[in-house]
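Each chain is listed here by its residues.
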Amino acid sequence: MRCLGLITTTAHLALALAPSGTRAQTPCIPVANVTGDAALARSVQERLAIRGVPVTGKSACGSIVVALADLGGKVRVNITDPDGRRSERVVADVDGAVAIGESWARRDVVSPLLARPIEPPALSGDQTPSPSVRKTPPLDEPDRFRGIELAAVGEGGMSGDGALWTGARAEACFSVKGFCLGALVRYARDTGGRGPTAKIGAARSGLDLIAMAQRPLRTGRFTLSPGAGIGQASVFAQGVIAGMEDRETETGLTARAQIAVSYAVVGAWALRLDVAGGFSPFVRTTFGDATDTDPALPAAPRASVWLGLGLTYGGL
């Protein structure tokens, strides 16, 4: 018994004198901020909390952002860790999303896996490294289009002077704190089927450049995006007035309000339908004044409504 007591005392003393780096330490786990689809986020938060990953409050080692999107049966998971590393994965279900979130939060588990691999020794002659020591590319390449949305849309519209228009526009926006900030450029042409251009045989076209802000609201495969913008609209008109060819340009401030609905089709591609209204309060509606014998050349309409259909691509 005396011998057993001596062994126990010696073991305790050795543990007390051991370097601090060899003692077990409680791992520092960052807070997991789960965003995206509300139902998915609640489920993932609950399961992460059960597994010991904090989902609220603050942590000494920062936080990770876990952004979720429902792809209709599968889940897209975008993760950014405290060191700025980013990853995007598409998993089969919520359990897969929880596993990925935990693996990035539990840095005591994954840190050794993220360490820089040991360089293979230099080889001489025509020796080639065996497959077991060759370098492998990183698993998580950042998605070039994550946080960016691009759109191409065909439009039809009616202006306040009764004219019918057709056009096309291109958009790009960047995700900033839940909003999508960007711009659109649109080219449109008066069809000449009705309105002032039809009456005198004139022609008009327009070019708009508008800065836009949108607020995407997602549920499942659908995204509802109300938005508004302000910019510049130019109208180019030409026609024969008093027997002479007349070409004029009118440029002014314009405002746009719109609401869009997108439906995810495959991957980052989605179909988009939107309705918009434009208002240009300070533009001229005619170039000059009409007389009893000569009509005025129509300029820019002050109001218009538009219906658009197109495609979007992005990883917002």
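Report follows, based on the coordinates. (Residues numbered from 1 in each chain as written. Predicted model: local features only at pLDDT ≥ 70, side-chain atom pairs only at ≥ 80, totals over all residues. Heavy atoms only, no water.)

Description of the state of the cysteines
Two cysteines, two sulfur atoms, one covalent bond between them: this is a disulfide. Considering all chains together, one arrives at 2 disulfides under this definition. Each disulfide pairs two cysteine sulfurs, and for Cys28 the partner residue is Cys61, the sulfurs being separated by 2.3 Å. As the torsion about the S-S bond is roughly -105°, the Cys28-Cys61 disulfide counts as left-handed. Placement of the pair is Cys28 in the loop between helix 1 (2-17) and strand 1 (31-36) and Cys61 in the loop between helix 2 (38-50) and strand 2 (63-70), with a sequence separation of 33 residues. Under the relative-accessibility criterion, Cys28 is labelled partly exposed at 38%. Once the bonded cysteines of the chain are numbered in order along the sequence, the disulfide links fall as 1-2, 3-4. (Disulfide = S-S within 2.5 Å. Helix = DSSP H or I, 4+ residues; strand = E, 2+ residues; numbered from the N terminus. Buried < 20%, exposed > 50% of the residue type's maximum accessible area, 1.4 Å probe, protein only.)

Side note on the pattern of salt bridges
Taken as a whole, this structure holds 15 salt bridges when the rule is applied. The closest approach of N and O atoms between Glu155 and Arg256, which form a salt bridge, is 3.4 Å. Highlighted residues: Glu155 in strand 5 (residues 148-159) and Arg256 in strand 11 (residues 244-266), separated in sequence by 101 residues. What emerges from the salt-bridge pattern is a single network uniting Glu149, Glu155, Arg169, Glu171, Arg186, Asp208, Arg256, Arg272 and Asp274. (Salt bridge = Lys/Arg side-chain N within 4 Å of Asp/Glu carboxyl O.)

What to know about the packing of helix 2 against helix 3 (residues 94-105)
In helix packing, the relevant descriptors are the interaxial angle and the interaxial distance, both defined with respect to the helix axes. Taken N-terminus to C-terminus, the directions of helix 2 and helix 3 make an angle of 55°; their axes are 10 Å apart at the nearest point. One finds that helix 2 runs oblique with respect to helix 3. Here helix 2 runs over helix 3; the crossing is right-handed. Here Leu40, Ser43, Val44, Arg47 and Leu48 of helix 2 lie close against helix 3, whose contacting residues are Val94, Asp95, Ala97, Val98, Gly101 and Glu102. Of the residues assigned to the contact of helix 2 with helix 3, the class counts are 6 nonpolar, 2 polar and 3 charged. (Axes fitted to C-alpha atoms, helices over the stretch in contact; angles between N-to-C directions. Parallel < 35°, antiparallel > 145°, perpendicular 65-115°, else oblique. Left-handed = near helix turned anticlockwise from the far one by under 90°. Contact = heavy atoms within 4.5 Å. Nonpolar A, V, L, I, M, F, W, Y, C, P; charged D, E, K, R; others polar.)

Things to note about the packing of aromatic side chains
For the structure shown, the criterion picks out 2 aromatic pairs. Here Phe222 and Tyr263 contribute two aromatic rings whose centre-to-centre distance is 4.9 Å and whose plane-to-plane angle is 55°, an arrangement assigned as tilted. Taken as a pair, Phe222 in strand 10 (residues 222-241) and Tyr263 in strand 11 lie far apart in primary sequence, 41 residues in all. On the basis of relative accessible area, Phe222 is assigned to the partly exposed category, the value being 45%. Ring geometry for Trp269 against Tyr313: centres 4.8 Å apart, planes inclined by 55°, an arrangement best described as tilted. Here Tyr313 lies in strand 15 (residues 303-314) and Trp269 lies in strand 12 (residues 269-279), a separation of 44 residues in the sequence. (Phe/Tyr/Trp six-rings, centres within 6.5 Å; stacked < 30°, edge-to-face > 60°.)

Brief notes about the sheet that holds strand 4 (residues 86-91)
Across the sheet, which stays open at both edges, the 4 strands sit in the order 1-2-3-4 with mixed pairing between neighbours. Two strands bound the open sheet, and with one partner strand each, they are strand 1 and strand 4. The average undirected angle you get between the axes of adjacent strands in this sheet is 20°. Here strand 3 (residues 75-80) pairs with strand 4 via 6 bridges, running antiparallel. (Pairing = 2+ DSSP bridges.)

Some words on the nonpolar core
One finds Val44, Leu48, Leu68 and Val77 to be the most contacted residues of the largest nonpolar core, which totals 22 residues. Of all the elements in the fold, those that place two or more residues in this core are strand 1, helix 2, strand 2, strand 3 and helix 3. Top element by residues in this core is helix 3. It accounts for 6 residues. The residues touching Leu68, leaving out its near neighbours within four places in the chain, are Val34, Thr35, Gly36, Asp37, Leu40, Ala41, Val44, Val75, Arg76, Val77 and Ala97. Residues Ala237, Ile241, Leu297 and Ala299 belong to the second largest nonpolar core, which totals 6 residues. (Core = buried A, V, L, I, M, F, W, Y, C linked by side-chain atoms within 4.5 Å.)

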